[in-house]
Amino acid sequence: MNQPNIIFILADDLGFADLGCYGARESVWGPVSPHIDSLAAGGLRMTQGYANSPVCSPTRFALMTMRYQYRVRGGMEEPINSKSKGSTTLGLPPEIPTLPSLLKQAGYSTALIGKWHLGYPPAFGPLRSGYEDFYGIMAGGVDYFSHCSGKGDHDLFIGEQEHHDNGYLTDLLSHRAVGYINSKAASAKSGKPFFMSLHFTAPHWPWETRDDAEVSAKIGNLFHLDGGSIHTYHRMIQQMDEGIGWVIQSLQDNGLLDNTLIVFTSDNGGERFSDNWPLVGGKMDLTEGGIRVPWVAHWPAVIPAGSVNSQHCMTMDWSATLLDIGGGTPHPDYPLDGVSLREVLSAPDKTFERPLFWRMNHRHQRAMRDGDWKYLKVDENEYLFNLAQDERERANLSAKESVRFESMRKRYLEWERTVPSIPQDAVVSLVYSPKDMPQR
Ligand SMILES: [Ca+2]
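Residues numbered from 1 in each chain as written. Predicted model: local features only at pLDDT ≥ 70, side-chain atom pairs only at ≥ 80, totals over all residues.

Novice: I would appreciate a short explanation of the overall build of the protein chain in the present structure.
Specialist: When helices and strands are counted, the protein chain shows 10 helices and 14 strands. Relative to the globule expectation of 22 Å for 440 residues, the C-alpha radius of gyration of the protein chain, 20 Å, shows essentially globular dimensions. The dimensions of the protein chain, computed from C-alpha atoms along their principal axes, are 60 × 55 × 45 Å. Relative to its full complement of 440 residues, the protein chain shows a buried share of 53%. In the protein chain, the proportion of contacts linking residues at least 24 apart, taken out of those at least 6 apart, comes to 68%. (Helix = DSSP H or I, 4+ residues; strand = E, 2+ residues; numbered from the N terminus. Rg over C-alpha atoms; globule rule 2.2 N^0.38 Å. Buried ≥ 20, exposed ≤ 12 C-beta atoms within 10 Å, placed from the backbone. Contact = placed C-beta atoms within 7 Å.)

Take a look at the structure:
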């Protein structure tokens, strides 16, 4: 098999049940995600896949480095915020090997279209960490029309050059992705494959569809605590999905669809308008709703259509998989924590044991998933859940299964000693509190 082209599509704050293929209800405009659903139908849908973190930038550190994000100082910010502009510590150090830098060494063309959120130039940036091309935003979020960050800075770039474009950001990113595929199609067919990261900001706040330029003009704070609705939210997902449809069509038109691996996921669990059913919690939480996310993979040459599997995995496993499939080699000084899922792709009924760990500064959370079981700590409270019986994490079995609880707790603590501890100056940034909206 020739090296496939690889397209990694990342949605921002999309919840576990926000897509039709994960049980989303229809919107008032019809199905929310027909194109992503068609990728799942023609490929693989995973039911037990996770993000490395319940918040943006930590997951992106893990995605890029294929290692637990806690190994990098910037990975312990929850998340990197716009105050880090100018910082020489809060970002992805260019000397650390990344998925794109190692795929580049393996012969790939590499591009990031969309959100970076791993620190600002001149210390950091996508071009310094393995991407040959970049079109997108450096910050954690921008307005969809003005392309300004919460700080008010215009934040749309080509490479490291500020660039002004008119239009709705989701559409600009989709069009740019199609343009990239068209520009690389001939070389892809003659043996030089491409790796394109397409990191949408949708359906992250502010709550704006492509028809909401007027909302954008009047918006105060990008957190948009006085706006939005499930209808706006559905439409934002739909418009991202439409762009993914353009990407699929362009692969088809260029004769590249069969040997292109497309992976779709979200960087963390859903935010205020998201549907995480049947999971509880959301962004910033280590309950399932904060970390379990959709994972869809489509690669007609290898993945049997209609596959569904329950392999346990997190973001860094997928980037390790893409490196493996692309023929890249990890750097010996930076051994991967991520485990390749390559064998699962061609034989989705085969799964393997994969214990997973998470840690958050926010509310002193800890979590470990092993088989059907999950150990969880939130604030000073500890829990044990059997997720095969109780995905919603309501039945705390820590007393009833005290031996198992103690053993998982011990294993968590052993794992925690293998990663750096949280520094005193690590920052937790929350977007809203109970005074902004009622909690359940
Ligand atoms: Ca996010």
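Novice: Help me understand the sheet that holds strand 12 (residues 365-370) in this model?
Specialist: Two pairing modes exist for strands in a sheet, parallel and antiparallel, and in both the strands are linked by backbone hydrogen bonds. Ordered in space as 11-12-13-14, the 4 strands form an open sheet in which the pairing is antiparallel. Strand pairing shows two members of the sheet lacking a second neighbour, strand 11 (356-360) and strand 14 (381-386), which therefore form its edges. Recorded for the sheet is a direction-independent mean angle of 10 degrees between the axes of neighbouring strands. In this sheet, strand 12 lies alongside strand 11 in antiparallel orientation, the contact comprising 5 bridges. By the bridge assignment, tryptophan 358 is partnered in strand 12 with alanine 367. This element, helix 10 (residues 402-416), spans strand 11, strand 12, strand 13 (373-378) and strand 14 of the sheet and lies at about 70 degrees to strand 13. (Pairing = 2+ DSSP bridges. Axes fitted to C-alpha atoms, helices over the stretch in contact; angles between N-to-C directions.)

Novice: Looking at this structure, I do not really get helix 8 (residues 315-325). What am I missing?
Specialist: Across the 11 residues of helix 8, 10 count as buried, placing the element largely inside the fold. Listing the buried residues of helix 8 in full gives Thr315, Met316, Asp317, Trp318, Ser319, Ala320, Thr321, Leu322, Leu323 and Ile325. In this fold, the buried residues of helix 8 make contact with strand 1 (5-11), helix 2 (56-65), helix 3 (99-105), strand 8 (260-266) and helix 9 (342-346). Just downstream of helix 8, glycine 327 is the residue with a positive phi angle, here 80 degrees.

Novice: Would you explain the domain arrangement of the protein chain in this entry?
Specialist: Reports of interface size often rely on the accessible area that becomes lost once the parts have come together. The domain architecture assigned to the protein chain consists of domain 1 (5-354) and domain 2 (362-416). Centre-to-centre separation of domain 1 and domain 2, based on C-alpha positions: 29 Å. At the junction of the two partners, domain 1 supplies 9 residues and domain 2 supplies 9 residues. Counted by class, the side of domain 1 that touches domain 2 contains 5 nonpolar, 2 polar and 2 charged residues. (Domains from an automatic or database assignment. Nonpolar A, V, L, I, M, F, W, Y, C, P; charged D, E, K, R; others polar.)

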